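# Fold and geometry: a report
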There are 2 protein chains.
Amino acid sequence: MTLTRAPISKRGKAKAAADAGAASREKLLDAAMLVIRSKGYSAARVEDICAEAGLTKGAFFHHFASKEACAVAAAAHFAANADALFDAAPYTRHTDPRDRVLGYIDFRKAILQGELPQFTCLLGTMVQEAYDSHPTIRAACDRYISEHAKRLEADIAEAKTLYAPESEWTPQSAALFSQAVLQGGFVLAKAKHGAKVAADCLDHLKRYFEAILGAPAPRDEGKRIQ
Amino acid sequence: MTLTRAPISKRGKAKAAADAGAASREKLLDAAMLVIRSKGYSAARVEDICAEAGLTKGAFFHHFASKEACAVAAAAHFAANADALFDAAPYTRHTDPRDRVLGYIDFRKAILQGELPQFTCLLGTMVQEAYDSHPTIRAACDRYISEHAKRLEADIAEAKTLYAPESEWTPQSAALFSQAVLQGGFVLAKAKHGAKVAADCLDHLKRYFEAILGAPAPRDEGKRIQ
DNA sequence: GACAACATACCGACTGGTTGGTATGTAACC
DNA sequence: GGTTACATACCAACCAGTCGGTATGTTGTC
């Protein structure tokens, strides 16, 4: 029922049909991501998604039980894409956890490229309109946002231990705060039809982390706040 | 055509019919605010709004040319409500502009009460899904968000002149950053189905402003960053 | 102060296009 | 020959917007 992948054949190469199926499924998920990020979940028609994927409704309902199920799968797909992107990002190789935290923010700023539907967050977009009417979508968005925050939280926690062990804030709330700044930046970017506001917000966020983790140049230790 | 008010009779009291009309219009706008904040713009049916207002479609299309026009009017109504609320808020009476900025954040935190549709932002909710498909809605949301930010920007600018004249950030971007934190806080609150995350985000925001404007207690002047 | 002429506010049945979902067919592959 | 992976045709429900009608003012006129 909730199985989203065709079982892999016991031995030898994956089947051509299964490959084609998986490829079509991915096309549909990519299309769903784009369409939903462009017009929201409710306004996104399944035919829009099919057209974008170059497939038909037959294919859509072959792979997904419903529009809602597709949205949940798209959320997972979005999160998997993001995981791959951030795993491969260069900032993760910094040895200093504070550098990783600040590098994360720089990286988030660097990927604000292209049109709005290409860099805004599918999860934040969907949860805004679906949080009450579509519990499964809300749960999926919550899960993947929180999982992404957890990655960041780990670095923040390490940095805090090193540079601000006494301060009151928790790494968890700081990580979620970062996600809020990002989500809010996307909202403003949509309102103003451009990524600049979001980038400015990330500048403030970076300054905040520099403040609560101590300034990057280790000169005046007494400078830290809280 | 676009006249939304009956012409006021030359002299004497306003007419009963006009009063009733205005009252119904307001009921519809209040209902639209609630319904759209609950399920988003696309999923909000005009019959939902009518039912919530205790009126029928006849009344709806008597007062608004279209669903989209109603949404734009609801945005204006939302902004007017907000203006009244913040005009009356006690924090505005602080003489120190820094106190007003910090007081604004406290106030925003204090009004995170009740169910999600009661304290989340209509403008942010609508612009997420309508920014590309409904330009008039996007423009309205942009306008009212920016106008609200302008109010805050004035206090931030004053505080900056007093407490951080040298620092690099602009009052405008700091004001927009605050709005991003709020909007993002609402997104996370919806994902997590509770206001607590939003409140935590506002704690971080307040700490940020305390940092960039200098700590409230005027003891160590060298403590300010940037 | 009564009556005609008109305006405003609202109801609710109707319509026509839209849309999520289904049923059926078919081609390829194993 | 059975299963997978689609396409095509179709349906029933939904929903924004229309329209004829009614009730309740309001204004000018005599």
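That block above? That's the structure.
Below is a summary of the structure that appears in this document. (Residues numbered from 1 in each chain as written. Chains lettered and ligands numbered in written order. Predicted model: local features only at pLDDT ≥ 70, side-chain atom pairs only at ≥ 80, totals over all residues. Heavy atoms only, no water.)

## As for the overall build of chain A
Regarding its fold elements, chain A presents ten helices and zero strands. Starting at the N terminus and walking to the C terminus, you meet the elements of chain A as α-α-α-α-α-α-α-α-α-α. Put simply, chain A has 226 residues, and 52% of those count as buried. The contacts of chain A with a sequence gap of at least 6 include a subset with a gap of at least 24, amounting to 66%. Counting every atom, chain A has about 10500 Å² of accessible surface; 55% of that belongs to carbon and sulfur. (Helix = DSSP H or I, 4+ residues; strand = E, 2+ residues; numbered from the N terminus. Buried < 20%, exposed > 50% of the residue type's maximum accessible area, 1.4 Å probe, protein only. Contact = heavy atoms within 4.5 Å. Areas by Shrake-Rupley, 256 points an atom, 1.4 Å probe, with all protein chains shown as cover.)

## Some points on unusual backbone geometry
Residues and elements named next belong to chain A. Within the chain, His193 stands out as a residue other than glycine whose phi angle is a positive 60°. In this structure, His193 sits in the loop between α9 (171-192) and α10 (196-212). When its relative accessible area of 45% is taken as the criterion, His193 is described as partly exposed.

## A word on the environment of Leu29 of chain A
Residues and elements named next belong to chain A. Mapped onto the elements of the fold, Leu29 is located in helix α1 (residues 16-43). Considering only alpha carbons, one finds Leu29 and Ser146, 117 residues apart in sequence, at a separation of 21 Å. The residues touching Leu29, leaving out its near neighbours within four places in the chain, are Phe64, Cys70, Ala73, Ala74 and His77.

## So, the interface of chain B and chain A
Counting residues at the interface gives 49 residues for chain B, matched by 49 residues for chain A. In total, chain B and chain A occlude about 4400 Å² of area from one another, counting both sides; carbon and sulfur atoms represent 65% of this. Broken down residue by residue, the surface that chain B buries against chain A is led by Gln128, Tyr131 and His204 of chain B, which jointly contribute 17%. Across the chain B-chain A interface, the total number found is two salt bridges. Residue Asp142 of chain B pairs with Lys192 of chain A through a salt bridge whose shortest N-O separation is 2.9 Å. At the boundary of chain B and chain A, one finds 20 residue pairs in polar contact (both at pLDDT 80 or more). For the side of chain B that touches chain A, the secondary structure elements donating two or more residues are α1 (16-43), α6 (116-119), α7 (122-130), α8 (135-163), α9 (171-192) and α10 (196-212) of chain B. Sorting elements by how many residues they give to the side of chain B that touches chain A places α9 of chain B first, with 15 residues. Its residues assigned to classes, the side of chain B that touches chain A comprises 22 nonpolar, 16 polar and eleven charged. (Buried area = accessible area lost by both parts, 1.4 Å probe. Salt bridge = Lys/Arg side-chain N within 4 Å of Asp/Glu carboxyl O. Polar contact = N/O pair within 3.5 Å; in protein donor to acceptor, adjacent residues only side chain to side chain. Nonpolar A, V, L, I, M, F, W, Y, C, P; charged D, E, K, R; others polar.)

## Description of the relation of the copies chain B and chain A
Superposing chain B onto chain A takes a rotation of 180° plus a shift of 0.0 Å along the axis, which leaves an RMSD of 0.0 Å. The relationship between the two copies is best expressed as a two-fold rotation axis. Of the C-alpha atoms belonging to chain B, the one lying closest to the rotation axis is found on Gly184 of chain B, 1.9 Å away. In this assembly, 100% of the residues forming the interface of chain B have copies in chain A that are likewise at the interface, indicating an isologous arrangement. (Least-squares fit on C-alpha atoms with pLDDT ≥ 70 in both.)

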